[in-house]
Amino acid sequence: MDLAARPLAAVLVSLLAATLLPLAGRRPALREAITFAAAGLKLALVASMLPAVLDGQAIESARLPLAAGLTLGFRADALGLLFALTASSLWLLTSLYSVGYLRAAAVPRQTAYYVSFAVCLSATVGIAFAANLLTFFVCYEVLTLATYPLVVHAQTAEARSAGRRYLVYTLGAGQVLLVAIVWTESVAPGADFTPGGFLAGRAEAGVLAAAFALFIVGCGVKAAIMPLHGWLPAAMVAPTPVSALLHAVAVVKAGAFGVVRIVGYVFGVDVLRATGADTVLIVAAAATILIASMRALGEDHLKRLLAYSTIGQLSYIVLGAALGSVAALTGAMFHIAGHGFMKITMFFCAGALHTQAHRDGVHGFDGLGRQMPVTMTAFAVGACGLAGVPLLAGFIAKWNLGVGALTAGDEIIVGVLVVSGLLNAAYFFPIIYDAFFKAPTTETADAREAPWPMALPLGVTAAVALVLGVAPSVGFRFFALARLAAESVVAGSGGLP
Amino acid sequence: MSEHLPILIVVVPLSAALVVPLLGRRSSTAAHAVTLATLAATLVAASVALTRVLRTADGVWQYELGGWAPPWGIEYVLDPLSGGMSVLVASLALAAAIYAGPYLRTSGPDRIGLFDSLYLLLVAGLLGIVATGDLFNLYVFLEISSIAAYALLATGGDRAAVATFRYLLVGTVAASCYLLGIGYLYALTGTLNMTDLSARLAAADQPTATAVGVGLIVIGLAIKAAVFPFHGWLPDAYTYAPPPVTGFVAAVMTKVSAYALYRVLYFVLGAEPAAASALVFLGWAGVAAIVAGSWLALAQSDVRRMLAYSSVGQMGYIIFGFSLGSPIAIVGALFHVLNHALMKGCLFLVTGGIRWRTGLSSVAGFAGVGRRLPLSATAFAVAAVSMVGLPPTAGFFSKWYLLLGAFEAEAWLGVAALVGSSWLSAIYFFRVLERLFLGADESRPAPERRDLPFGMLAPALVLALVVLLLGLFHQPVVTHLLERALPPTVS
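A few points on the structure. Values in this document were obtained by computation on a predicted structure and should not be read as measured data.

Residues and elements named next belong to chain B. Assignment of secondary structure puts Ser86 in helix α3 (residues 80–107). On the basis of relative accessibility, which here comes to 1%, the residue Ser86 falls in the buried class. Ignoring any residue separated from it by four or fewer positions in sequence, one finds Ser86 in contact with Ile9, Ala46, Leu127 and Val130.

Rendered as structure tokens:
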């Protein structure tokens, strides 16, 4: 296929699957085959753009013209490809995991589930490849609408109330984002995302700061920056694979990715420095990291604990974007991939513990390390990674963020990172200790290892978290992509080296 | 034959309206078949006329009725604006008439021929308003369409009769205001032809009399368009009317009055200071309508009333866009005329269908209905998402252009109203959607899945599909039609 057509094709392939899936009706094998085919094809399409993008190219598909000089279009640059690679490779693994989970947990209405999931992936890759703010917004809102049926999938009163809260937060923020985007369109008509931003000199500092605040509120809800995070723990009522891919990776990363796009490709680091808005964002991110970790410490439901851990980890990305040096931006962008693999491992493990050992809390894991060795080992790897232990993916991000903070003279940020790591260890390690160093109780003695469709994906993601920590630039070359994107942003805004 | 198209689109349904009741005495099936054939022919005529207008360089087709040259004779004018409106009116008329088929067979009035006759009169009246180039002729068609609408709306039962009587009183006041207004302008200029009057009004140099005339015309048309605070007749009239009538009337009737306002204020009185003041007033009324309509919709427990109040708010979008007066804002308003007709038509058709099938129309009553009528509920969901203004539906893009226009004009209150109304409409529409799809009582056995008959389902599904596709692929409509429908003073 023509290189230029690939970003568009990568977006559309799962949308096509979504239209085919209802036709598969009640034949689960066909339904799963369509999902796997679409997921595999999507990953292949996205990965095939890697060499050209690493060469410094941006691959652009034909635009769809609208009125008044506006267009909708997709373009794969380094940052977009990093996010798209993360999302599409995790979709393939999650599809496999879903097959195992949905059967083990006897989840009803599976066709609707797979259709919504496929639409979500189209929207996510659309967000990654969006060439301008309007395209970004269209995909962003489609993602909200497509995830709603997944959040309320159980159709219980609790699920409906979580769904309501989800919509109030995300649609509310969507309108704020819309205002910010329309404002941008009115001062810079037809502008595309540009490394280093395109708003410099287009408006006074005060107006720019106000617009930036609207952007951050708009994206901050999905990125769960405190105090805009309230929907995320509630949304954990969804089936575990949904929480895994959407609420650890696609939706929340769409928000964090949006923050990076807006800081690096709409405003530019220098413009933000000049308005002082970067300091506000740094403080908000640092506060979110600490408060979320402390809230996680007091949480006794495993998925909600993971939700708070996600809230804290996402703010690493926001923090890196706000710091704005090459090292900090690299760390932030790399964390989109790194945190994706680590956090999805944790959710996969939580789902396996739910179906195999009927454990939803954070206590009573005694001896499970022996009963479910693969699951609990992967859990331990993910937990260590999130705490920032060296040789795991989380450390790479943290190290670069720390370097970025020191370059910028924000030593206190290094302290925040260290404290956050300790808190992460404090809420994960008791679980690991119980699992590996205590004898099984009567409740856990008959738990069996997860079936292979669940165990394989979580083993793979844990292994990737390990590989990314040791050699962050092999395979999909996430680190090289992050570095490339960070350098282009800083070069574009002419800021710090 | 084809050189008479501008008058044929009015005369064809008008003459069929005379034939259909006679035919209906023999066979109501034949009467309805003739109605459908007439409306299909009207739609074809309107589409052919529009393509012809769009192909010409200046895009204006002036037709002299009976060969009498204006200003003595009555003139019909098809330009991209009136041509586009007539296609919109004709297509929704056909969609609602197809939908009416199964409804009339089971639960309509006894005399289907009379119902169809009134319906054709209503369509002819609305097409006449759109196509005419003469202010008094416009009044005649305004009354034809209104009287036909009163009769049709009143066929919905006792409460409908009361609601319609109120509409009749208010509507008559509106029509009288309009007539008095054009009386002033006629006294000043001695002409009723729109083009001619536009040229002579400046020479008349009677600013006070002009202002009174313009004011009366604007108030008359604003009542007909249900512009806040003149919307009082609308909710009851829409709520109790028979479903096919509401589907058509709610979709196009207020929009045709808004068209008349736009035509008069920009094309006829474009140069008058009184028109500029009227637009300022309408801008504030539009912003108030957006807020009040959405707020009142939130408080309704009956889905039909909720949709009716949402119409009040959406008319505010359109009027607000017209009042801003920049190309992008007017394009947004015109695009919203189109979108709102499609989505509100779809919503009322589905809501009426659900009531027809299940007897339920309250928000609470919709619980679990999506399980019983899945395709209808899906059409409702698409149109509802478009009403909230979420991408990728058409409703998002008209809101986008309106917002761009508001930013350009620095109308911050308007921006706030548009965004606030999106929030409120998200709440009241998702409240219904949640019940539709998730509200089923799991403890009881699932009721039988039985969607609407094809004749009622197909129009709603087609409208929903158009709403969805028009979102991403609206560029040809905007560049070939809407941008050519801008007044000469603006473009």
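Summed over the entire model, instances satisfying the criterion amount to 35 aromatic pairs over all chains. When the ring of Tyr97 of chain A is compared with that of Tyr101 of chain A, the centres are 6.2 Å apart and the planes differ by 20 degrees; the resulting orientation is stacked. Residue Tyr97 of chain A and its partner Tyr101 of chain A are located together in helix α4 (residues 78–104), separated by four residues, close to a single helical turn. Of the two residues, Tyr97 of chain A and Tyr101 of chain A, neither departs from the other in class, the shared state being buried. These aromatic residues form a ring-pair network of at least three members: Tyr150, Tyr167, Trp233, Tyr238 and Phe348 of chain B. Of note, Arg261 of chain A hangs over the ring of Tyr265 of chain A, and the distance from its end group to the ring centre comes to 4.7 Å. Against the face of Trp61 of chain B rests Arg52 of chain B, its NZ or CZ located 4.1 Å from the ring centre.

Moving on, we get to the pairing of strand β1 (residues 61–64) of chain B. Remark: a regular strand shows side chains that alternate across the two faces of the sheet. Residue and element names in this part refer to chain B. Covered by surrounding structure in β1 are Trp61 and Tyr63 only, the residues Gln62 and Glu64 on the alternate face being uncovered. Sheet analysis places β1 next to strand β2 (residues 75–78), joined by four bridges and oriented antiparallel. Considered in β2, the bridge of Tyr63 is made with Tyr76.

This brings us to the nonpolar core. Counting residues in hydrophobic clusters, the biggest one holds 392 residues, and the most contacted among them are Phe129 and Phe267 of chain A together with Phe248 and Trp400 of chain B. Sequence-distant contacts of Trp400 of chain B, that is, excluding residues within four places in its chain, are made with Leu70, Leu134, Leu178, Ile181, Val182 and Glu185 of chain A.

Moving on: the side chain of Ser326 of chain B. Relative to the helices and strands, Ser326 of chain B resides in the loop between α12 (303–324) and α13 (327–358). Each residue touching Ser326 of chain B, except ones within four places of it in the same chain, is listed here: Gly405, Glu408 and Val490 of chain B.

The next thing to look at is the interface of chain B and chain A. Opposite the 31 residues of chain B that make contact, chain A presents 30 residues. In total, about 2,800 Å² of surface goes out of reach between chain B and chain A, with carbon and sulfur atoms giving 78% of it. Where chain B touches chain A, the interface holds one salt bridge. Measuring nitrogen to oxygen at the nearest pair gives 2.8 Å for the salt bridge that ties Glu434 of chain B to Arg164 of chain A. Joining chain B to chain A, the criterion identifies four residue pairs in polar contact (both at pLDDT 80 or more). Of all elements in the fold, only α16 (394–408), α17 (412–438) and α19 (475–480) of chain B reach the threshold of two or more residues within the side of chain B that touches chain A. By residue number, the principal contributor to the side of chain B that touches chain A is α17 of chain B, which donates nine residues. Counted by class, the side of chain B that touches chain A contains 22 nonpolar, four polar and five charged residues.

Below, the discussion takes up the packing of helix α5 (residues 135–153) of chain B against helix α6 (residues 158–189) of chain B. All names here are of chain B. Axis separation between α5 and α6 bottoms out at 10 Å; the angle between their running directions is 175 degrees. What the angle tells us is that α5 and α6 run roughly antiparallel. Note on element contacts: α6 touches α5 through Ala160, Thr164, Tyr167, Leu168, Gly171, Thr172, Ala175, Tyr178, Leu179 and Ile182, opposite Leu135, Phe136, Leu138, Tyr139, Glu143, Tyr150 and Leu153. Of the residues contributing to the contact of α5 with α6, the split by class is 13 nonpolar, three polar and one charged.

This part is about a nonpolar patch on the surface. Residues and elements named next belong to chain B. Together, Leu465, Leu468, Leu469 and Phe473 give the surface a local cluster of nonpolar side chains, amounting to about 380 Å² of exposed area. Positionally, Leu468 belongs in helix α18 (residues 454–472). A relative accessible area of 36% places Leu468 in the partly exposed class.

Glancing now at the packing of helix α11 (residues 273–298) of chain B against α17 of chain B. Residue and element names in this part refer to chain B. Relative orientation of the contacting elements α11 and α17 amounts to 20 degrees, with a least axis distance of 9 Å. As judged from the angle between their axes, α11 and α17 are roughly parallel. Read as a crossing pair, α11 and α17 show a hand that is left-handed. For the pair formed by α11 and α17, the contact residues are Trp284, Val287, Ile290, Val291, Ser294, Trp295, Ala297 and Leu298 on the first element and Leu413, Gly414, Ala417, Leu418, Ser421, Leu424, Ile427, Tyr428 and Arg431 on the second. Here the contact of α11 with α17 is composed, by residue class, of 13 nonpolar, three polar and one charged.

Calculation notes
Residues numbered from 1 in each chain as written. Chains lettered and ligands numbered in written order. Predicted model: local features only at pLDDT ≥ 70, side-chain atom pairs only at ≥ 80, totals over all residues. Heavy atoms only, no water. Helix = DSSP H or I, 4+ residues; strand = E, 2+ residues; numbered from the N terminus. Buried < 20%, exposed > 50% of the residue type's maximum accessible area, 1.4 Å probe, protein only. Contact = heavy atoms within 4.5 Å. Phe/Tyr/Trp six-rings, centres within 6.5 Å; stacked < 30°, edge-to-face > 60°. Lys NZ or Arg CZ within 6 Å of the ring centre and 35° of its normal. Pairing = 2+ DSSP bridges. Core = buried A, V, L, I, M, F, W, Y, C linked by side-chain atoms within 4.5 Å. Buried area = accessible area lost by both parts, 1.4 Å probe. Salt bridge = Lys/Arg side-chain N within 4 Å of Asp/Glu carboxyl O. Polar contact = N/O pair within 3.5 Å; in protein donor to acceptor, adjacent residues only side chain to side chain. Nonpolar A, V, L, I, M, F, W, Y, C, P; charged D, E, K, R; others polar. Axes fitted to C-alpha atoms, helices over the stretch in contact; angles between N-to-C directions. Parallel < 35°, antiparallel > 145°, perpendicular 65-115°, else oblique. Patch = residues over 30% accessible without salt bridge, like charges linked within 9 Å, V, L, I, M, F, W, Y side chains within 5 Å. Areas by Shrake-Rupley, 256 points an atom, 1.4 Å probe, with all protein chains shown as cover. Left-handed = near helix turned anticlockwise from the far one by under 90°.

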